[in-house]
Amino acid sequence: MSASTRSHADPARRDRAAERQRMVERQISSRGVSDPAVLQALGEVPREAFVAPEAVDYAYHDTPLPIAEGQTISQPYIVAVMAEAAEIGPADRVLEVGTGSGYGAAVLGRIAEQVFTIERHPGLAASASACFAELGYDHIEVRVGDGTLGWPEEAPFDAIVVTAGGPADPPPALLEQLAPGGRLVIPMGRDPTGQELVRIRRSDDGRDLVREGLGAVRFVPLIGEGGWEGEEPAPRHP
Ligand code: SAM
């Protein structure tokens with residue numbers, strides 16, 4: 001059964017709220033994530049709705065999990081770190097690059113007013129869209145394409161979160177689409193196998209960009225005009 005055919009409303013599906021709460025306490029807040037909106041969002045989004053059927057039992061494990069197209073659903077802790085780093089508020093319009101399963105966008109969507117998310121693999125975008133529809137997350141829009149070019153028709157964004165690892169320079173289009181005071185959170189590195197998580201903040205007057213390193217991470221590569229060339233290497237887990 002694909003993500004698009006699983007019914008979240010299935011009465012046989014067990015309620016996993018207690019597991020989610022344990023995940024938030026043991027994997028996320030105990031490691032220093034403290035933004036109440038982020039913790040609440042992680043406590044609300046059913047991760048089991050976004051993983052492959054064979055991985056449903058592991059949905060609240062402290063790990064990334066494989067999804068279609070050799071990609072991964074990120075570890076919940078990393079989703080939380082990136083959401084906190086993006087400093088998202090309830091009125092924000094957020095762009096996510098790298099929809100993957102849709103879980104990260106769903107978490108961002110519990111905090112922000114509107115989320116736009118771009119995925120280069122059409123099959124992943126379709127199955128994420130189906131999950132959003134099933135869960136009633138109708139303020140999340142999905143587009144298939146090269147997310148390194150952003151979503152110019154919907155710009156500017158208060159926050160941009162990139163969930164794949166880009167090269168040492170950030171995609172210029174994403175910087176252009178960042179609102180005054182906006183935050184770009186992106187893993188960047190000199191080779192595609194490891195990155196530093198970076199936050200780039202546009203000043204309130206729009207003129208300056210300030211860059212901060214937030215620690216080492218490992219993501220699948222960001223592929224596109226403002227990222228790495230070509231196809232992914234063999235599947236890896238971030
Ligand atoms: N946030 C996702 C989740 O919660 O499942 C995890 C995303 S996965 C680590 C990274 C995703 O970025 C992959 O699905 C990959 O296909 C996508 N990707 C890589 N380069 C991209 C690009 N230029 N534009 C859009 N998506 C891209």
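Residues numbered from 1 in each chain as written. Predicted model: local features only at pLDDT ≥ 70, side-chain atom pairs only at ≥ 80, totals over all residues. Heavy atoms only, no water.

> Even after reading the chapter, I still don't get the side chain of Gln-75, so can you show me in this structure?
Relative to the elements of secondary structure, Gln-75 occurs in the loop between strand 2 (72–73) and helix 3 (76–85). The exposure class of Gln-75 is buried, given its relative accessible area of 18%. In this structure Gln-75 touches Arg-31, Arg-47, Asp-62, Thr-63 and Pro-64, once residues within four positions along its chain are discounted. (Helix = DSSP H or I, 4+ residues; strand = E, 2+ residues; numbered from the N terminus. Buried < 20%, exposed > 50% of the residue type's maximum accessible area, 1.4 Å probe, protein only. Contact = heavy atoms within 4.5 Å.)

> Help me out: how do you make sense of the packing of aromatic side chains in this one?
Two descriptors summarise a pair of aromatic rings, namely the distance from one centre to the other and the angle between the planes of the rings. Here the structure, examined in full by the defined rule, presents four aromatic pairs. With a centroid separation of 6.0 Å and 65 degrees between ring planes, the pair formed by Phe-50 and Tyr-103 is classed as edge-to-face. Of the two residues, Phe-50 is situated in the loop between helix 2 (36–44) and strand 1 (65–66) and Tyr-103 in helix 4 (residues 103–111); the sequence distance between them amounts to 53 residues. Each member of the pair, Phe-50 as well as Tyr-103, carries the same accessibility label: buried. Centroid distance Phe-116 to Trp-151: 5.3 Å. Interplanar angle 70 degrees. Geometry classified as edge-to-face. In this pair, Phe-116 sits in strand 4 (residues 114–119) while Trp-151 sits in the loop between strand 5 (140–144) and strand 6 (157–162), placing the two residues 35 residues apart along the sequence. Through a chain of ring-to-ring contacts, the aromatic side chains of Phe-50, Tyr-103 and Phe-132 assemble into a single cluster. Sitting over the face of the ring of Tyr-77, Arg-31 holds its NZ or CZ atom 4.9 Å from the ring centroid. Sitting above the plane of the Tyr-103 ring, Arg-47 keeps its charged end 5.5 Å from the centroid. (Phe/Tyr/Trp six-rings, centres within 6.5 Å; stacked < 30°, edge-to-face > 60°. Lys NZ or Arg CZ within 6 Å of the ring centre and 35° of its normal.)

> Mind showing me how you'd approach the sheet that holds strand 3 (residues 93–97) here?
Strands belonging to one sheet form pairs held by backbone hydrogen bonds; the direction of such a pair is parallel or antiparallel. Here we have seven strands laid out as an open sheet, ordered 5-4-3-6-7-8-9, and mixed in their pairing. Only two strands of the sheet have a single neighbouring strand rather than two, namely strand 5 and strand 9 (209–217). The sheet shows a mean angle of 20 degrees between the axes of neighbouring strands, taken without regard to direction. Relative to strand 9, strand 8 (residues 194–202) runs antiparallel, the two sharing seven bridges. Note that in strand 9 the partner of Ile-200 across the bridge is Arg-211. Where helix 5 (residues 122–135) meets the sheet, it contacts strand 4 and strand 5, and its direction lies at approximately 165 degrees from that of strand 5. (Pairing = 2+ DSSP bridges. Axes fitted to C-alpha atoms, helices over the stretch in contact; angles between N-to-C directions.)

> Sorry if this is basic, but what is going on with the nonpolar core here?
Soluble globular proteins: nonpolar side chains tend toward being buried together. Leu-42, Phe-50, Ile-88, Tyr-103 and Phe-132 are the most contacted members of the largest nonpolar core, which has 50 residues in total. Listed by contribution, the elements that provide at least two residues to this core are helix 1 (17–28), helix 2, helix 3, helix 4, helix 5 and strand 6. For this core, the element with the most residues is helix 3, which contributes seven residues. Non-local contacts of Leu-42, meaning those with residues more than four positions away in its chain, are made with Arg-20, Met-23, Val-24, Ile-28, Pro-76, Ala-80, Tyr-103 and Val-107. Counting 19 residues, the second-largest nonpolar core is a separate cluster that includes Trp-151, Ala-164, Leu-174 and Ile-186. (Core = buried A, V, L, I, M, F, W, Y, C linked by side-chain atoms within 4.5 Å.)

> It is not clear to me how empty space enclosed by the protein should be interpreted in this structure. Could you clarify?
Any empty space left between the atoms is revealed when a probe the size of a water molecule rolls over them. For the structure on display, the rule yields one cavity of 30 Å³ or more. Considering only enclosed or pocket space, the largest cavity measures out at about 450 Å³ in volume. Together, 38 residues line the largest cavity, and Val-97, Gly-98, Thr-99, Gly-100 and Thr-163 are the ones closest to its centre. (1 Å grid on protein atoms, 1.4 Å probe; cavity = no way out; pocket = protein on both sides within 12 Å on 5 of 7 lines; lining within 4 Å. Points joined across faces, edges and corners; volume = space filled by probe spheres on them.)

> Help me understand helix 5, please; the structure alone is not making it clear to me.
The periodicity of an α-helix, 3.6 residues per turn, causes residues three or four places apart in sequence to face the same way. Compared with the 20 Å implied by 1.5 Å per residue over 14 residues, the 20 Å span of helix 5 between its first and last C-alpha is a close match. Of all the residues in helix 5, the buried ones are Leu-124, Ala-125, Ser-127, Ala-128, Cys-131, Phe-132 and Leu-135. For helix 5, the secondary structure elements touched by its buried residues are helix 4, strand 4 and strand 5. Just downstream of helix 5 lies Gly-136, where phi reads positive at about 75 degrees. (Expected span 1.5 Å × (residues − 1).)

> For this particular structure, what's the right way to read the pairing of strand 5?
If a strand is regular, its side chains alternate between the two faces of the sheet. Note: strand 4 against strand 5, five bridges, orientation parallel. Looking across to strand 5, one finds that Phe-116 is bridged to Glu-141. Note on the crossover from strand 4 through helix 5 to strand 5: the handedness is right-handed. (Right-handed = clockwise from strand over helix to strand, strands pointing away.)

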